[in-house]
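Breakdown of the fold
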Amino acid sequence: GGKRPRGAGAAGKRKKGALAEEEADGGESPGPPGPQGTGKRRKKEKFPGSLPGTQTPGAVKQEDGGGQRKQATGNAAGKAVAAQASAANAEAAAAAAAAATDDVLESGFCVDVFFPTVGKRQTTAAAALLAAGGEACVTSAGEWRTGTVMRAHVSIPSGFIPPGAGKGAAVAAAYPSQIVYDVMIRGATEEKCLPRSRLRLVCSTCLVDKRTFKPPPMYCEKCLAGIHQRWRYWDEARDDEVASVKLCNRCFTEMRNSPDPHSAMIELVGRPVDLGLFVERKEKDRPEFVDNWVQCEECHSWHHWVCALFKGEDTPEDTEWFCEPCRKNRDKKLPDELVVPDACALPHNAMSKTLEEYVAGELTLCNVKCEPVTVRVVSIVSKAEKVNETVKAHMAGGDDSGREYPAEFPYRSKCVLAFQKQRGHDICFFAMYVQEYGSDCPPPNTNRVYISYLDSVRYFNSEPDGKRTLVYHAILVGYLQHVKSLGYTHAHIWVSPPKQGDDYIFYGHPDDMVAKRMGLLKLKQWYEQMLNIAKSRSIVADYQDMLEEFKGLESVSEIPLFSGDHWAASIHNKLKEESKKQGLLTKQPSGSASDKAAPPGTKAVKQSSLADNMVDQLTEEMKSMRNHFIVVTLHAEHVGMSSNKCKPPTPDGLIHDPDPLQSNDLVDSRATFLEKCQVFHWQFNEDSNAKHSTMMLLYYLHNRHRNKPLPAFKRATNTAPSGLSEIARIQRSRTHKIESAMRDWSQLLRHANEATARETWELPPEELFGRILSQINRSKRDILHDKYTQCKQPTTTVMARSVFIRVLKRIAESFISCLLNMQQNPSLQT
């Protein structure tokens, strides 16, 4: 069935005691069902159908393609011989059936049946091979039709075993027999005596043999750009656990043509890499990612994890799962370990109540009938945007008021999610990340909010249809109303539609959204429509672009710098370029007349010239990007007023957020959430995928991955001392250790990626690095600790720190790959 990359759990396994008995007996237990296999089957399940040798003594039943014939013994002398042959037949058939039970399709299984097309040009030999059900039949021309297995029985070759042939001949004749199936084709007739080679197991929910996922994105190791589909790339051919290096075609050519490729690769990845071992690949060369399987304990039907909404991750192997028909018709209930609370069970706060009530009121006002929309703020964390060293050096003199330019801008990052129930299951269809810079943040970011990222998927259902924009605008207008009531003065929006293949928050969008992306001007018009609604309701006073807001720009220090914003990176790059130009223009030979006659104050003149050039360049960039940025003025008294003079209209002139901090590792960072979705294939490109991904999202939002309840039988019998020891034992289990290690290494990888992208080469925190060192062997631990101590010294060069950060990045990728492999294959944990 291809590579199975999903998380830990008993994927596609039978979780009954019979499986444990099979493994204890030393028998080989097959894996999850693939296109041509069903996976494990319980021993105690009787084989459905008739077997040779089970008839009454004195008669042997033989089948050949559905035909039957009987031969009775003629005299009393031959009855004993016939009984002996019949017993031998039964023994041989039982052995054959036992040998075939690893791949038996039970009655009621959903399967696809292959119907080959026998044309006029097909030879008689090929037609005979197809009729015999050979392996070549599935590779010839034909079609697959879905049906249900009605019964299974053993077919033996035609011919009668002579009474005097003995037991050996009976065994030899029975072993070539094969199990055949009678299948009821949907909307057609029943097909009898079909060989196993013409059948493939399909999911009982979606009626598809395998469910494929969108492959996770790849990035070039050198330029850090995404390697999109249809692009050629070069991959290091490695079979061990170390993550292979991937380079885009352009970077590979540059590295290969460099003067010293060996040293360049060591500087890039921190280890020697032979470019001669790289292999050119395409998107089609990547492994196929398919979903896992799970079997119902009641009806034994097989389902994909996604179709069954099976959590899978952290699920004990002895957990029983029941499909939805069995839960409805046979009164079966899922165990507590597999039940994920709904979105409405997430805690409320002041902001989420405001947004949810505003959305509900807007739907009622427009006479829209739909399932209620659940809005929750799932993350509120304190962060700080550190000012780049280049920008900080340029601002060292402070502004006109004499204030020193701050080293960082503290803010609160919030994540907002919107859900709607569809056919009894929650679907997350809207997500938004915002940054709120309050009164404690220094200028020019004081009292401003920044809508950092906004993403949606088209799964909101209503009557009449097509009211998605109404809900999205209601959430945004409700948010602007909320921050205005707290005292914030301005809101900033970056109008930037995603490029082809890019994902902002949700991983994998529906095909109709990918094929028809919204352009820049249309997206700006979409935001302006929302702001006009807010302006008509006196929630927004006015809005304008960056050029209008900063038309009297006198210094670079007046422009707010938000985390991940365009202007923070643009100012940094322009300062680097201007500094290089100034350095080249002022270079003079040593001892020259111009050097000796340099008048005092030349340095101040150069700095003034640099500042003027920066203001001119930024003004020109604001003109060229007028459609990319919107600045919203929330209060009428602040219209036309300088940004530095705007104060919150609160009694004490300060902003007080009533919502307390709440942290969740999954959604605290947009990049972390997107990366987690990519690794575990939590996609939103289809309705069923969106339901399963939302279920896993709620599983983490409710912190069920941390607070795992004890099994029911242990919870009921444990006393207080033994219960505490049981909890301690579970917390020390291998699964818990793997999860803890995964969080540490993922945090280290995020830190390394951010340090590489921003070129800050900042070392990871000592607490995190200490936890990382405790998880590796002593030899590498000592080396990394010495290198970490060395890089902390002020005299360490930027090149040395950059190499160390890249080494940590490669080690983190390697460990994460190993941990994921251990989660997917529990047998590797021992």
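1. Some details on the overall build of the protein chain
When you go through the protein chain residue by residue, the secondary structure sums to 25 helices and 21 strands. Buried positions account for 44% of the 830 residues belonging to the protein chain. If you take every contact in the protein chain between residues at least 6 apart in sequence, the share linking residues at least 24 apart comes to 75%. Accessible surface, the protein chain: about 40,800 Å² in total, of which carbon and sulfur atoms supply 52%.

2. Examining the sheet that holds strand 11 (residues 246–248)
Hydrogen bonds between backbone atoms are what pair the strands of a sheet, whose relative direction is either parallel or antiparallel. Here 3 strands make up an open sheet; going across it, the order is 11-10-12 and the pairing antiparallel. One side of each edge strand has no neighbouring strand; the edge strands of this open sheet are strand 11 and strand 12 (278–281). Within this sheet the neighbouring strands show an average axis-to-axis angle of 30°, counted without direction. In the sheet, strand 10 (residues 233–236) pairs with strand 12 via 4 bridges, with the strands oriented antiparallel. Across the sheet, the residue bridging to D235 is V279, located in strand 12. Lying on the sheet, helix 5 (residues 249–256) is in contact with strand 10, strand 11 and strand 12; it crosses strand 11 at an angle near 100°.

3. Notes on helix 11 (residues 468–486)
The end-to-end C-alpha distance of helix 11, which contains 19 residues, comes to 28 Å, matching closely the 27 Å that a straight helix rising 1.5 Å per residue would cover. The buried fraction of helix 11 is high, at 14 of 19 residues. Following helix 11 by one or two positions, G487 has its phi on the positive side, about 115°.

4. Some words on the confidence of the model for the protein chain
Chain-level pLDDT for the protein chain is 76 on average; 71% of the residues reach the 70-or-more range. Note that pLDDT drops below 50 for residues 1–77; the model gives that stretch 196 contacts with residues more than four away or on any other chain.

5. Some thoughts on the state of the cysteines
Taken as a whole, this structure holds 0 disulfides when the rule is applied. Here C326 is not disulfide-linked; the sulfur of C323 is the nearest cysteine sulfur, at 3.4 Å. By relative accessible area, C326 is classed as buried at 2%.

6. Details of the pairing of strand 19 (residues 490–494)
Of all 5 residues making up strand 19, 4 are buried, and the element is well covered by its neighbours. Taking the sense of rotation as the criterion, the β-α-β connection linking strand 18 (residues 448–456), helix 11 and strand 19 turns out right-handed. Inspection of the sheet shows strand 19 paired to strand 21 (residues 629–633) by 5 bridges, in the antiparallel sense. Bridge assignment links A491 to a residue of strand 21, and that residue is V632.

7. Regarding the environment of G564
Structurally, the position occupied by G564 is in the loop between helix 14 (546–549) and helix 15 (566–585). What makes G564 exposed here is its relative accessible area of 51%. In this structure, the C-alpha to C-alpha distance between G564 and E385, residues 179 residues apart in sequence, is 8.7 Å.

The rules we used
- Residues numbered from 1 in each chain as written.
- Predicted model: local features only at pLDDT ≥ 70, side-chain atom pairs only at ≥ 80, totals over all residues.
- Heavy atoms only, no water.
- Helix = DSSP H or I, 4+ residues; strand = E, 2+ residues; numbered from the N terminus.
- Buried < 20%, exposed > 50% of the residue type's maximum accessible area, 1.4 Å probe, protein only.
- Contact = heavy atoms within 4.5 Å.
- Areas by Shrake-Rupley, 256 points an atom, 1.4 Å probe, with all protein chains shown as cover.
- Pairing = 2+ DSSP bridges.
- Axes fitted to C-alpha atoms, helices over the stretch in contact; angles between N-to-C directions.
- Expected span 1.5 Å × (residues − 1).
- pLDDT = per-residue confidence, 0-100.
- Disulfide = S-S within 2.5 Å.
- Right-handed = clockwise from strand over helix to strand, strands pointing away.

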